[in-house]
Amino acid sequence: MALKTVKIPEVQIQVDLVHDQPRRKVGLMGGTFNPPHLGHLLVAEQVLSQLGLDEVIFIPDNKPPHIDEKKTISAQTRLEMTKLSIQGNPHFSVSDIELKRGGVSYTYDTVQQLRREHPENEYYFIIGGDMVEYLSTWYKIDELVKIVNFVGVKRPGYQLTSPYPVLWVDVPGFEVSSSLIRQKVASGCSIRYLVRDEVADFIKEEGLYQDGSSLQ
């Protein structure tokens, strides 16, 4: 009796090689943005370029720990101006994470939440050189420096030293501040070339800062 030859089909097993994907490098810019100005955009773009970040997220705070809320405008209005300010830059975005969370806006809480929601990201928190010396007063600073990279923007007259790890970047000097813009609006002066045209139009249309009640 002849034996029947059974041909076993060849099965090719494809092994998926798992590589460690490089983590996305994301910059964070927090603040009242009351209003956002071209200095904010300049700093964000320079940090993005110099550190090779994938994105910079602007995060208007709900209730900053150090500012009297009576002297600022609504968080929703500041959020809208920030969205107008970053239009046209695909590497910039705006998050309302602190507005949704409510209460006092602590950086530690924000970074913790972002890390839970996006574990694939590595975060870089951008601050001015004048703020570096106050890091010791930040909420849970010892824990915070373990979960986020601080980026300090060099400014004349401030030391480039800190007991905490800080990455320093050079940014061209641009002497503008939100308080200066509010003062100019209250005085009837032009704010053109200090803020985006869209922001200037919004301020005018909404009648913001004109009575001098939010100058601080």
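The protein has the name Probable nicotinate-nucleotide adenylyltransferase in an unreviewed UniProt entry, where Ligilactobacillus equi DSM 15833 = JCM 10991 is given as its organism. As recorded by UniProt, the Function (unreviewed entry) comment attached to the protein reads in full: "Catalyzes the reversible adenylation of nicotinate mononucleotide (NaMN) to nicotinic acid adenine dinucleotide (NaAD)." As recorded by UniProt, the Pathway (unreviewed entry) comment attached to the protein reads in full: "Cofactor biosynthesis; NAD(+) biosynthesis; deamido-NAD(+) from nicotinate D-ribonucleotide: step 1/1."

Caption draft 1: Seen up close, the packing of aromatic side chains. Scanning all chains against the criterion turns up seven aromatic pairs. Between the aromatic rings of Phe33 and Phe58, the centroid separation amounts to 5.8 Å while the plane-to-plane angle is 50°, which identifies the pairing as tilted. Of this pair, Phe33 sits in the loop between strand 1 (24-31) and helix 1 (38-51) while Phe58 is found in strand 2 (residues 55-60), placing the two residues 25 residues apart along the sequence. Judged on exposure class, the residue Phe33 and its partner Phe58 are both buried. Between Phe125 and Trp138 the ring centres are 5.9 Å apart and the planes differ by 90°, which places this aromatic pair in the edge-to-face class. Residue Phe125 is located in strand 4 (residues 121-128), and its partner Trp138 is located in the loop between helix 5 (129-132) and helix 6 (141-144); the two are separated by 13 residues in the primary sequence. Of the residues examined, Phe125 reaches a relative accessible area of 8% and is grouped as buried. The buried category is assigned to Trp138, whose relative accessible area is 17%.

Caption draft 2: Here's a closer look at the sheet that holds strand 5 (residues 149-153). An order of 3-2-1-4-5-6 is seen for the six strands of this open sheet, with the pairing classed as parallel. Each end of this open sheet is capped by a strand with a single partner; those strands are strand 3 (92-94) and strand 6 (166-169). Averaged over all adjacent pairs, the angle separating strand axes in this sheet is 30°, with direction ignored. The pairing of strand 1 with strand 2 spans six bridges and is classified as parallel. Following the sheet pairing, Val26 is matched in strand 2 by Glu55.

Caption draft 3: Fine view of the confidence of the model for the protein. Residues at a pLDDT of 70 or more form 85% of the protein, whose mean pLDDT is 87. Overall, residues 8-19 carries pLDDT values under 50, and its contacts beyond four positions in sequence, including any with other chains, amount to zero contacts.

Caption draft 4: Focus on the pattern of salt bridges. Enumeration according to the criterion identifies five salt bridges in this entry. With a closest N to O distance of 3.5 Å, Asp170 and Lys154 form a salt bridge. Here the residue Asp170 occupies a position in the loop between strand 6 and helix 7 (178-186), and Lys154 occupies one in the loop between strand 5 and strand 6, the gap between them amounting to 16 residues. Between Arg196 and Glu198 there is a salt bridge; the shortest N-O distance is 3.1 Å. Arg196 sits in the partly exposed class, given a relative accessible area of 21%. Judged by its relative accessible area of 29%, Glu198 falls in the partly exposed class.

Caption draft 5: Structural view of the packing of helix 2 (residues 75-85) against helix 8 (residues 197-206). Contact geometry for helix 2 and helix 8: axes closest at 8 Å, N-to-C directions at 150°. Between helix 2 and helix 8, the angle is such that the two are roughly antiparallel. Judged by the twist between their axes, the crossing of helix 2 over helix 8 is right-handed. Taking contact as the criterion, the partners of Thr77, Glu80, Met81, Leu84 and Ser85 in helix 2 are, on helix 8, Glu198, Val199, Phe202 and Ile203.

Caption draft 6: Summary view of the side chain of His37. When you line up the elements, His37 lands in the loop between strand 1 and helix 1. What makes His37 buried here is its relative accessible area of 6%. Polar side-chain contacts of His37 include one of 3.0 Å to the backbone nitrogen of Gly39. Filtering out sequence-adjacent residues up to four positions away, His37 remains in contact with Val176, Ser177, Ser178, Ile181, Leu194 and Val195.

Caption draft 7: Broad picture of helix 2. Looking only at helix 2, the buried set comprises Ala75, Arg78, Leu79, Met81, Thr82, Leu84 and Ser85. Buried-residue contacts for helix 2 involve strand 1, helix 1, strand 2, strand 3, helix 3 (97-101) and helix 8.

About the cut-offs
Residues numbered from 1 in each chain as written. Predicted model: local features only at pLDDT ≥ 70, side-chain atom pairs only at ≥ 80, totals over all residues. Heavy atoms only, no water. UniProt positions renumbered as here; feature names shortened; annotations may be inferred. Phe/Tyr/Trp six-rings, centres within 6.5 Å; stacked < 30°, edge-to-face > 60°. Helix = DSSP H or I, 4+ residues; strand = E, 2+ residues; numbered from the N terminus. Buried < 20%, exposed > 50% of the residue type's maximum accessible area, 1.4 Å probe, protein only. Pairing = 2+ DSSP bridges. Axes fitted to C-alpha atoms, helices over the stretch in contact; angles between N-to-C directions. pLDDT = per-residue confidence, 0-100. Contact = heavy atoms within 4.5 Å. Salt bridge = Lys/Arg side-chain N within 4 Å of Asp/Glu carboxyl O. Parallel < 35°, antiparallel > 145°, perpendicular 65-115°, else oblique. Left-handed = near helix turned anticlockwise from the far one by under 90°. Polar contact = N/O pair within 3.5 Å; in protein donor to acceptor, adjacent residues only side chain to side chain.

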